[in-house]
Structures are given as structure tokens and as C-alpha cells.
Amino acid sequence: MKKILVLGGAHIDRRGMIETETAPGASNPGSWMEEAGGGGFNAARNLSRLGFAVRIIAPRGGDVTGEAVAEAARQAGVEDTPFVFLDRRTPSYTAILERDGNLVIALADMDLYKLFSPRRLKVRAVRDAITASDLLLCDANLPEDTLKAIGLIARACKKPLAAIAISPAKAVKLKGALADIDMLFMNEAEARALTGQTTANVRDWPDILRKAGLAGGVITRGASEVVAFNATQTASLHPPLIHDVKDVTGAGDAMASGYLAAITEGKTIAEALRLGAAAAAITVQSPFATAQDLSKDSVETMLGLVPEAEMLA
């Protein structure tokens, strides 16, 4: 069984869903839900459900919220080995969504991640976990110097490194590590923030990102065309149309999970893009950031709705 080590965000997501047309500056009727989340943690749970041995290392507070994150890891079969700060709050992400699932505004209370400094990577248990892994996955919740250090360690250990951009504001922290990242998962807004470039054509992004030093990655655009690339190839795909969308939270993390699962098993970027799209389609039909019914079998079934990816010149 392939081993994946995740270094990144594991916190609590709080989401409010507005039930009617959004009225800015006023009270809106709606509902509230709370669950464990974080880009790295979502991917960790997805990858565990897809059959990988997954371990996550992330900062956590000594509070009830932290206990909820630990329980979510246990239920998903993820080996959870956090840095616990007993006198701190576990990070949280609070979002307000329109009734169609689109984001209105969000607040990220993530100061604890600043304590995941590069020296934490020198702890014996962390070094052993890196050595034992087949793939490293980080996310941009971590400090910039820590992300750069992870990149240098991955290169020295000859371990493939993947990363999740998280948001436009956080994606810029990955600039110093770009040359050491094998696969970066981002949306178009995050690609713009990372490169300072704009383009109307999603197919331009692979060349722009290669010139910025990135070896490979995936650029998503919601329900629109998505592209994947490595050093020499580019693939494009139009995601399947999903009518029963419950919540788009976690769709990008699911895309990353399905894509990484395929690449780790030796599949092409075109095949990986289809598997990522299938995992994302399953996720948006779930009210949770990670679909509890995600599995190899459910992805295989969803592939019947995913069109073939197109290899681009």
C-alpha cells in the first residue's frame, strides 16, 4: 500500500447556507453546519478512502474543536499525529454560502499554523515519516519558509511533492517552493495570484506556470474546462454536468485527491484528470467537504459520466 504524508491544514469548517436570495447588510434566514476541514485534511481523508495509507501532521489546539478533528481523522482511517498546543485554539474557517452553494464571504482564523516552523521538520518523528512516505502533500496554510523547507527536503529525499494552493491570498506563499513542487492544485484565481499573469484562455496556464518554474499541476475553473500538465504534456477536460449540487466546498481538494491517486498508481495525466473530475463530482453532491461514500468503486461508477480528456499540443 502506497504511503502518503500530508503536512498542512486540519481545522474546523463552519458553513452557513442562506435559504433565500442573499440580502447583503441584513439578516438572512439559513442553516448552519460544522465539520472538520482544511485543504490538506480533506485530501488526506479522501486519499485514505481511496485506499492509501495516509498520515497527517498539523498544528492543533488543546480544545474541543481539536478533539473533533482527531475524531474525523480516526473515522476516515487517517493516522493523525498533530503538534498540539494546549493553550491555543484550533484553527477554523467560517464561510457564508448562497443557496446555490457559491461563497459569499469567509473568515479564516489560522494563526496557529504560523507555529509550524521549519524547525518542526527536524523533529525525529517528522523526518522518519518523510522517509517512510511515497508522496508528500502540503498546503498553503503553512508559513512560506516552511513550504520552502518542505520543497528542499522533498528534493533531497527524492520524494514527489504535491501542494494545494488553498486561496489566492495564500497561494503566493508557494512562490519560493515552485521549483521543487511536482504537482500544484489551484483554481484560476490562485494561478493569477501566483504568477501575476491574466489570461482569458485556460489553456495558456500550463506554459505560464512552466515559465514560473512549476513542473506540473491542475488548474480548475468550477464547472468549466480544467487543464492538467506536467513537464512535457497538457490535458484538458470538461467536467460532467452535475444537477444535484449540495455544496462545492472541498471540490478542489477532491480533484487533487483523485488526480494524485491516479498518478501515484502510474496513470497518465489524462487518466488522472478524469479520476480527479469524478472524485470532485461525487463531492459536490455531498453536503460535506469530503464525501463519506467516496471510494474506488464510487469513482469508477462516476467515470461513466466523465468525458475523455483531450491531449493538447
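In the nomenclature of an unreviewed UniProt entry, the protein chain corresponds to Carbohydrate kinase from the organism Agrobacterium arsenijevicii.

A.B. asks: Looking at this model, I keep getting lost on the packing of aromatic side chains. Mind explaining?
C.D. replies: The relative placement of two aromatic rings is captured by the distance of their centres and the angle of their planes. Counted under the stated rule, the structure contains two aromatic pairs. A centroid spacing of 5.4 Å and a plane angle of 90° characterise the contact between F83 and F116, whose relative ring orientation is edge-to-face. Of this pair, F83 sits in strand β7 (residues 83–85) while F116 sits in the loop between β9 (103–109) and α3 (124–132), placing them 33 residues apart in sequence. Residue F83 shares its accessibility class with F116, and that shared class is buried. Measuring from ring centre to ring centre gives 5.6 Å for F185 and Y259, while their planes differ by 75°; the resulting arrangement is edge-to-face. Residue F185 is found in strand β12 (residues 183–187), and its partner Y259 is found in helix α8 (residues 251–264); the two are separated by 74 residues along the sequence. By relative accessible area, F185 is classed as buried at 5%. The ring of F83 has R120 lying over it, and the distance from NZ or CZ to the ring centre is 4.9 Å.

A.B. asks: Can you help me understand the sheet that holds strand β16 (residues 310–312) in this one?
C.D. replies: Each strand in a sheet pairs with another by means of backbone hydrogen bonds, the pair being arranged parallel or else antiparallel. Spatially, β6-β4-β1-β10-β11-β12-β13-β14-β15-β16 is the arrangement adopted by the ten strands of the open sheet, whose pairing is mixed. Looking at which strands have only one partner, the edges of the open sheet turn out to be β6 (79–80) and β16. With four bridges joining them, strand β1 (residues 3–7) and strand β10 (residues 135–139) adopt parallel strand pairing. Bridged to I4 within β10 is L135. Docked against the sheet, helix α6 (residues 188–195) engages β12 and β13 (217–221), running at close to 115° with respect to β12.

Here is what the cut-offs are and how they apply
- Residues numbered from 1 in each chain as written.
- Predicted model: local features only at pLDDT ≥ 70, side-chain atom pairs only at ≥ 80, totals over all residues.
- Heavy atoms only, no water.
- Phe/Tyr/Trp six-rings, centres within 6.5 Å; stacked < 30°, edge-to-face > 60°.
- Helix = DSSP H or I, 4+ residues; strand = E, 2+ residues; numbered from the N terminus.
- Buried < 20%, exposed > 50% of the residue type's maximum accessible area, 1.4 Å probe, protein only.
- Lys NZ or Arg CZ within 6 Å of the ring centre and 35° of its normal.
- Pairing = 2+ DSSP bridges.
- Contact = heavy atoms within 4.5 Å.
- Axes fitted to C-alpha atoms, helices over the stretch in contact; angles between N-to-C directions.

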